[in-house]
Amino acid sequence: MTAKAMLCRCEDVTLDEVMEALEAGHRDIESVKRYTGFGTGWCQGKQCVVACARILAKATGRAPELPITPRPPLHPVALGVLASLGDAEEG
Amino acid sequence: MARVVVIGAGILGLATAYNLAKRGVRDVLVVDRTYLCGGASGRNGGGVRAQFSSEINIRLMRESIAICRDFATEMKINVWFRQGGYLFLTRTAARARELEENVALQNRCGLPTRMVDAAEMRKIVPELATEGVRAASFNPGDGVVFPWPFVWGYARAATDLGVTIKPFTEVVGFETRNGRITGVRLRPTRLSPLDASDEVLPAGDAFTEECNEVVICAGAWSPKVAELLGVALPNKPHRHEICATEPLKPWLGPLVADLTDGLYFSQSMRGEIVGGVAVDPVPEGINQQSSRRFLTTYARALVGAVPTMAGVRVLRQWAGCYDLTPDGGPIVGRVPDPSNLTLACGFMGHGFMMAPVMGRLLAEHVDTGETSDLFARWSLDRFARGDLVHENMIIG
Ligand SMILES: Cc1cc2nc3c(=O)[nH]c(=O)nc-3n(C[C@H](O)[C@H](O)[C@H](O)COP(=O)(O)OP(=O)(O)OC[C@H]3O[C@@H](n4cnc5c(N)ncnc54)[C@H](O)[C@@H]3O)c2cc1C
């Protein structure tokens, strides 16, 4: 992979930028997500989380971490559809 | 041995540590039980405004906004600051009167805030449905930032000045002697995977860090931390949810906030519409879980306010905790016992925007030991004395 390889296509995060986060001392996936913004775009990490977890595992010598906290909804949902639904109880 | 231990690496703890180091205080240690941006500072809407109802907040926020304007240059980081103004709406007559009084006070404090009628509202936000709106106020100098780089900016600048920041390090106790804290008990942590609770797992043995001064900047967790010292705080964590849509072309100038139902929304520099709404009731205690009820409540309120939003898709929702006090004012400054403890919490739902100016004032307070009129006003003992503060421009 070259340094400019695109890891997160939704948010334009390159391999370079993830390596920079590691250089800045970040050693866990939640921090790297917030430092680079990977996984926060259209696909919500469905494409990039695995690659980033691998890079982190390689750099730290630890087993790959579980995914970043998943954020609902699973797929993008239109506000008009949500507005027409009834209120659920907590959850 | 640390001269000052700051508990909590949210925006307030980091801004305080940065300003301490800038004043020449050496050996500042900031600890956080999880990662940077893990608390409310990584979960908020990034709104920055000077439209408040109390003179104290108006004047402080004028200073904070000035700091935001210079932040990119001083900290060498882009915080995506955009001054599109805040448009406050209200649907009740009582609230409309309050809004007018607040605008008059803001004008006396030098802000250009003005009341706007329906025609002008539609000029500012052409897509806004204005029927039912009784009154609105607009301050063009208010704005939004992207919270994450703001946190990293302070963290990096503080580190460059010699501050030590230790994430994944939890305060689990204190050592005290003769009414003073002599050491902080710290324990390494790791996240408990996919666990919905607020617990973290131990990742090593606890150890003691000796220190001269302690500052609690633990946001909604502050009562728990203070309790370890026998200091009872009246704050309560209160979950607030928020969500972001797919990115759109820039169309929305201001952050719009409806004081009646707590709906607010703005467009980030990334193009997303970011917003939330008040949901009642919420689960007690610290809770950072997302609910579907929030999403449906928000969708109804937003589509009501801006009908064209119906076709726009929500990408992600998340949650954090407000840190609520009984009178809506923060709790700041030294306490009598232990004498080397400073509190800085209770910033409701507007603590991010306050941090740039509060970090400066807190550093001065901790460094010099002097108590300003402001800190006397915001001290913990006002609750015992019944000398409460007032603020009615609170969103959600
Ligand atoms: C959904 C939402 C929207 C908001 N919108 C806005 C807005 O638009 N504008 C605005 O100004 N404000 C907003 N706020 C409020 C704002 O986010 C907070 O007031 C602010 O971030 C508080 O910063 P802090 O540094 O005091 O606390 P936090 O950022 O919560 O930091 C406290 C830190 O203390 C750590 N901690 C806790 N216990 C311990 C322990 N025992 N040992 C070590 N560390 C510990 C936590 O891990 C945490 O990182 C919003 C809040 C939410 C939840």
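Below, the structure is looked at part by part.

The rules we used
Residue positions are given per chain, counting from 1 as you read along its sequence in written order. To read the labels, note that chains go from A and ligands from 1, taken in the order they are written. Local features in this predicted model are restricted to residues whose pLDDT is 70 or higher, and side-chain atom pairs enter the listing and the counts only when it is 80 or higher, whereas totals over whole chains, interfaces and linings include all residues. Note: side-chain values were computed over all heavy atoms of the structure, leaving out hydrogens and water. Comment: elements are numbered from the N terminus, with helices defined as DSSP H or I runs of at least four residues and strands as E runs of at least two. Here the radius of gyration uses the C-alpha set of atoms, whereas the globule reference equals 2.2 Å times the residue count to the power 0.38. Three labels apply to residues, based on accessible area from a 1.4 Å probe with only protein chains included: buried if under 20% of the type maximum, exposed if over 50%, partly exposed otherwise in between. Note on definitions: a residue-residue contact is assigned when non-hydrogen atoms from the two residues lie within 4.5 Å. To measure how exposed things are, a 1.4 Å probe is used in the Shrake-Rupley method; for residues, cover is taken only from the protein chains shown. As used throughout, the charge tally considers Lys and Arg to be positive and Asp and Glu to be negative, leaving His and the chain termini uncounted. Where a charge sits is defined by one atom per residue type, namely NZ (Lys), CZ (Arg), CG (Asp) or CD (Glu). Aromatic pairing here means that ring centres of Phe, Tyr or Trp (its six-membered ring) are within 6.5 Å. Orientation follows from the plane angle: under 30 degrees is stacked, over 60 is edge-to-face, and everything else is tilted. The salt bridge criterion pairs a side-chain nitrogen of Lys or Arg with a carboxyl oxygen of Asp or Glu, the two atoms within 4 Å. Consider each residue's heavy atoms; a residue with any of them within 4 Å of a molecule or strand counts as near. The term polar contact refers here to a pair of N or O atoms within 3.5 Å; inside protein, the definition further demands a hydrogen-donor-capable atom paired with an acceptor-capable atom, and it admits residues adjacent in sequence only when both atoms are side-chain atoms. Classification convention: Asp, Glu, Lys, Arg as charged; Ala, Val, Leu, Ile, Met, Phe, Trp, Tyr, Cys, Pro as nonpolar; all other residues, Gly among them, as polar.

### Focus on the overall build of chain A
- A tally of helices and strands in chain A yields four helices and three strands.
- Element order for chain A, N to C, with α for helix and β for strand: β-β-α-α-α-β-α.
- Over its C-alpha trace chain A gives a radius of gyration of 16 Å, far above what one expects of a compact globule, namely 12 Å for 91 residues.
- With the principal axes as the frame, chain A shows a C-alpha extent of 45 × 25 × 20 Å.
- When the 91 residues of chain A are sorted by exposure, 45% land in the buried category.
- Sequence separation of at least 24 residues holds for 51% of the intrachain contacts in chain A that already meet a minimum separation of 6.
- For chain A, the exposed surface amounts to about 4,900 Å²; the carbon and sulfur share of it is 57%.
- If you average the places of the 10 positive and of the 12 negative side-chain charges in chain A, the two averages end up 8 Å apart.

### So, the packing of aromatic side chains
All names here are of chain B.
- Throughout the structure, instances matching the rule amount to 12 aromatic pairs over all chains.
- Summarising the aromatic geometry, the rings of Tyr-86 and Phe-88 are spaced 5.6 Å apart at their centres and angled 45° between planes, so their arrangement reads as tilted.
- Ring centres of Phe-150 and Tyr-154 lie 6.0 Å apart, and the angle between their planes is 55°; this geometry places the pair in the tilted category. Placement of both Phe-150 and Tyr-154 in helix α5 (residues 147-160) is noted, with a separation of four residues, approximately one turn of the helix. Both residues of the pair, Phe-150 and Tyr-154, belong to the buried class.

### Overview of the pattern of salt bridges
All names here are of chain B.
- One pass over the structure, following the stated rule, counts 22 salt bridges over all chains.
- One salt bridge connects Asp-327 with Arg-382, and the closest N-O pair in it is separated by 2.7 Å. With Asp-327 in the loop between β17 (313-324) and β18 (331-334) and Arg-382 in helix α10 (residues 382-385), this residue pair connects regions lying 55 residues apart in the sequence. Both residues of the pair, Asp-327 and Arg-382, belong to the buried class.

### Structural notes on the site of the ligand
All names here are of chain B.
- Around the ligand there are 37 residues in total, and Asp-32, Ser-41, Gly-47, Gly-351 and Met-353 lie nearest to it.
- A distance of 3.0 Å separates an oxygen atom of the ligand from a polar backbone atom of Leu-12.
- At 3.1 Å, a backbone N or O of Arg-33 approaches a nitrogen atom of the ligand.
- Protein burial of the ligand: of its 1,000 Å² of free accessible surface, 96% is covered by the chains.
- Where the shell around the ligand is concerned, the elements lending two or more residues are α1 (11-22), β9 (169-177), β13 (236-245), β17 and α8 (351-368).
- Class assignment of the residues belonging to the shell around the ligand gives a composition of 17 nonpolar, 16 polar and four charged.

From the geometry alone we can't say anything about function, so treat these as descriptive.
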